[in-house]
Amino acid sequence: MILDLDIGNTLSKWRLKDAESSEIRSRGAVWTREEWRPGADIPNLDVVEAVRISSVARATVLEETVALLRRQVRQVYVARSTPEALGVINGYEEPGRLGVDRWMGALAGYQLAGGCCAVDCGSAITIDFVLPGGVHLGGFIVPGLRLMKESLKLGTRNVAIDPESEADALLEPGRRTVDAVNHGIYMAAVSAINRIYSEVCDQQGVALPMMLTGGDARVVSRGVQVPHAVWPDMVYGGLEASFPLTFAERAGKMSGAPSVPEPVSLEKIRAGLAFSMLL
Ligand SMILES: Nc1ncnc2c1ncn2[C@@H]1O[C@H](COP(=O)(O)OP(=O)(O)O)[C@@H](O)[C@H]1O
Ligand SMILES: CC(C)(COP(=O)(O)O)[C@@H](O)C(=O)NCCC(=O)O
Ligand SMILES: [K+]
């Protein structure tokens, strides 16, 4: 079995993948914490022959996790943000400082679609751009839904936005604190994504396919007007592309990869921008 770890600032997600069939056997998430001890929530390492890790947690937490894993697992692969990988040129002045989850998302998006806009809706909402030739432009970081809610300190922290609620209901003015907060942070997130995407496509003269991932992707997706695909396992896709271990991965296949969304024309994006300027 292959154990893939996506350690974020809020949740540490894991996924067990069959090394022969490439089938996903199980998955889970535990709150990211300072020290890592295998508990009921981490799968039994006896069946694990390889671990692949994307982590944005503090270096010491990662080092400790890796040390613990190396004692029990033959192959441990730790993803790093590098100046170049798989045809993508890291756009950061200091490439190593780009969040590894963002780099994994960019690599997965590029392997799937070529040029793309990779949006990860987690503790933070990150928006990265890779041009058709593989040049990563860098990106934008916006507080995630939960962080925006917490920063308001209005006691609505535990009231999540209902992923099934109608999108346009979220466009209505809230008549209770929890609605005012949820509608507000939802609009802040989706407005930022829609506008940033349009501005960068306009600057670069290319309409890019957008992929959305992260724990809040489903909620945010309904408000994103840009044609896009939701790819929950996009960060894992970057691990599969970076450290291919199964037959399918060696053929470039990434689990759960969606079909590439057809972007709208550049003209339409520019018209939309011009219109928003008029408002
Ligand atoms: N099971 C869950 N427990 C807590 N938050 C969840 C859960 N599923 C989805 N979420 C939402 O996803 C967000 C965390 O998404 P995630 O992409 O895992 O963040 P990160 O990668 O920054 O740890 C939370 O802020 C919350 O809004
Ligand atoms: C921006 C992030 C905190 C997002 O992490 P996440 O929301 O997935 O927990 C992470 O990508 C990170 O720590 N980045 C390093 C700084 C940067 O990317 O510029
Ligand atoms: K994330």
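As the structure is a computational prediction, the values presented were derived from the model and not from experiment. (Residues numbered from 1 in each chain as written. Chains lettered and ligands numbered in written order. Predicted model: local features only at pLDDT ≥ 70, side-chain atom pairs only at ≥ 80, totals over all residues. Heavy atoms only, no water.)

A.B. asks: Where do I start with the nonpolar core in this structure?
C.D. replies: For soluble globular proteins, the rule of thumb is that nonpolar side chains tend to be buried together. By size, the foremost hydrophobic cluster in this structure holds 34 residues, and its most contacted members are Val119, Tyr197 and Met210. Looking at this core, the elements that each hand over two or more residues are strand E8 (116–121), strand E9 (124–130), helix H3 (145–152), helix H4 (177–204), strand E11 (210–213), helix H5 (217–221) and helix H8 (266–278). When residues of this core are assigned to their parent elements, the largest contribution, 11 residues, is made by H4. Residues contacting valine 119, with those up to four places away along its chain left out, are Ile125, Thr126, Ile127, Ile193, Met210, Met211, Leu212 and Thr213. In terms of nonpolar packing, the next biggest core, distinct from the first, is built from 23 residues, Ala79, Ala118, Tyr236 and Ala241 among them. (Core = buried A, V, L, I, M, F, W, Y, C linked by side-chain atoms within 4.5 Å. Buried < 20%, exposed > 50% of the residue type's maximum accessible area, 1.4 Å probe, protein only. Helix = DSSP H or I, 4+ residues; strand = E, 2+ residues; numbered from the N terminus. Contact = heavy atoms within 4.5 Å.)

A.B. asks: How should the site of ligand 1 be read in this particular structure?
C.D. replies: The immediate surroundings of ligand 1 are formed by 13 residues, with Thr10, Leu11, Lys13, Ser123 and Asp216 found nearest. One nitrogen or oxygen atom from the side chain of arginine 146 is found 2.9 Å from an oxygen atom belonging to ligand 1. In isolation ligand 1 has 560 Å² of accessible area, and contact with the protein removes 72% of it. Here ligand 1 occupies the largest pocket. A per-class count over the shell around ligand 1 returns 3 nonpolar, 7 polar and 3 charged. (Near = heavy atom within 4 Å. Polar contact = N/O pair within 3.5 Å; in protein donor to acceptor, adjacent residues only side chain to side chain. Areas by Shrake-Rupley, 256 points an atom, 1.4 Å probe, with all protein chains shown as cover. 1 Å grid on protein atoms, 1.4 Å probe; cavity = no way out; pocket = protein on both sides within 12 Å on 5 of 7 lines; lining within 4 Å. Sits in = over half its atoms within 2 Å of the grid points. Nonpolar A, V, L, I, M, F, W, Y, C, P; charged D, E, K, R; others polar.)

A.B. asks: So what exactly am I meant to see when it comes to the environment of arginine 195 here?
C.D. replies: With respect to the element layout, arginine 195 can be found in helix H4. Through-space distance from the C-alpha of arginine 195 to that of valine 130 is 17 Å; in sequence the pair is 65 residues apart. With residues up to four places along the chain from it excluded, the contact list for arginine 195 reads Leu273 and Met277. Looking at arginine 195, its side chain comes within polar contact range of the side chain of glutamate 199, at 2.7 Å.

A.B. asks: Before we go on, may I ask you to explain the layout of surface pockets in this structure?
C.D. replies: If a probe as big as a water molecule is rolled over the atoms, it shows which places are left empty. In this structure, the largest pocket spans a volume of roughly 1100 Å³. Along the walls of the largest pocket sit 43 residues, with Cys121, Gly122, Gly214, Gly215 and Asp216 positioned nearest its centre. Sorting the residues of the lining of the largest pocket by element identifies strand E2 (11–17), strand E3 (24–31), helix H2 (100–113), E8, E9, H3, H5 and helix H6 (234–242) as the ones contributing at least two each. Tallying contributions element by element places E3 first for the lining of the largest pocket, with 4 residues. Across the lining of the largest pocket, the residue classes break down as 19 nonpolar, 12 polar and 12 charged. What lines the second largest pocket is a set of 23 residues, and nearest its centre among them are Asn194, Arg195, Ser198, Gln225 and Val226. (Points joined across faces, edges and corners; volume = space filled by probe spheres on them.)

A.B. asks: Would you explain a nonpolar patch on the surface in this entry?
C.D. replies: On the surface, Ile89, Val135 and Leu137 cluster together into a nonpolar patch covering about 210 Å² of accessible area. Judged by relative accessible area, which is 38%, valine 135 ranks as partly exposed. (Patch = residues over 30% accessible without salt bridge, like charges linked within 9 Å, V, L, I, M, F, W, Y side chains within 5 Å. Salt bridge = Lys/Arg side-chain N within 4 Å of Asp/Glu carboxyl O.)

A.B. asks: Where do I start with the coordination of the potassium ion (ligand 3) in this structure?
C.D. replies: Tetrahedral metal sites with four donors have an ideal angle of 109.5 degrees; octahedral sites with six donors have ideal angles of 90 or 180 degrees. Bound to the potassium ion (ligand 3) on the protein side are Asp120 (OD) and Asp120 (OD), at distances that span 2.9 to 3.2 Å. Tracing the backbone through its elements, the reader meets aspartate 120 in strand E8. (Donors = N, O, S within 2.8 Å, 3.2 Å for Na, K, Ca; no water.)

A.B. asks: Help me understand the side chain of histidine 183 in this model?
C.D. replies: With respect to the secondary-structure elements, histidine 183 resides in helix H4. Other than its neighbours up to four places away in sequence, histidine 183 contacts Ala169, Leu170, Glu172, Pro173 and Gly174.

A.B. asks: It is not clear to me how the pairing of strand E4 (residues 50–55) should be interpreted in this structure. Could you clarify?
C.D. replies: Within a regular strand, side chains alternate between the sheet's two faces. Among the 6 residues of E4, 6 are classified as buried, and the element is accordingly described as predominantly covered. Neither face of E4 is left uncovered, since the one carrying Ala50, Arg52 and Ser54 and the one carrying Val51, Ile53 and Ser55 both have all their residues buried. As judged from the 6 bridges shared by strand E1 (residues 2–7) and E4, these two strands associate in the parallel manner. When the bridges of E4 are listed, leucine 3 appears paired with valine 51. Bridge count between E4 and strand E5 (residues 75–78): 4 bridges; the pairing is parallel. For arginine 52, the partnering residue across the bridge sits in E5 and is tyrosine 77. Handedness of the crossover joining E4 and E5 through helix H1 (residues 59–70): right-handed. (Pairing = 2+ DSSP bridges. Right-handed = clockwise from strand over helix to strand, strands pointing away.)

A.B. asks: Mind showing me how you'd approach the site of ligand 2 here?
C.D. replies: Around ligand 2 sit 14 residues in total, of which Asn9, Tyr92, Asp101, Arg102 and Ala124 are the nearest. Contacts to ligand 2 include aspartate 101, whose side-chain N or O atom sits 2.5 Å from an oxygen atom. Contact distances for ligand 2 include 3.2 Å between an oxygen atom and a backbone N or O atom of serine 123. When isolated, ligand 2 has an accessible area of 460 Å², and the protein chains bury 77% of it. Taken atom by atom, the bulk of ligand 2 overlaps the largest pocket. Secondary-structure elements contributing two or more residues to the shell around ligand 2 are H2 and E9.

As far as function goes, none of this settles anything; it's purely spatial.
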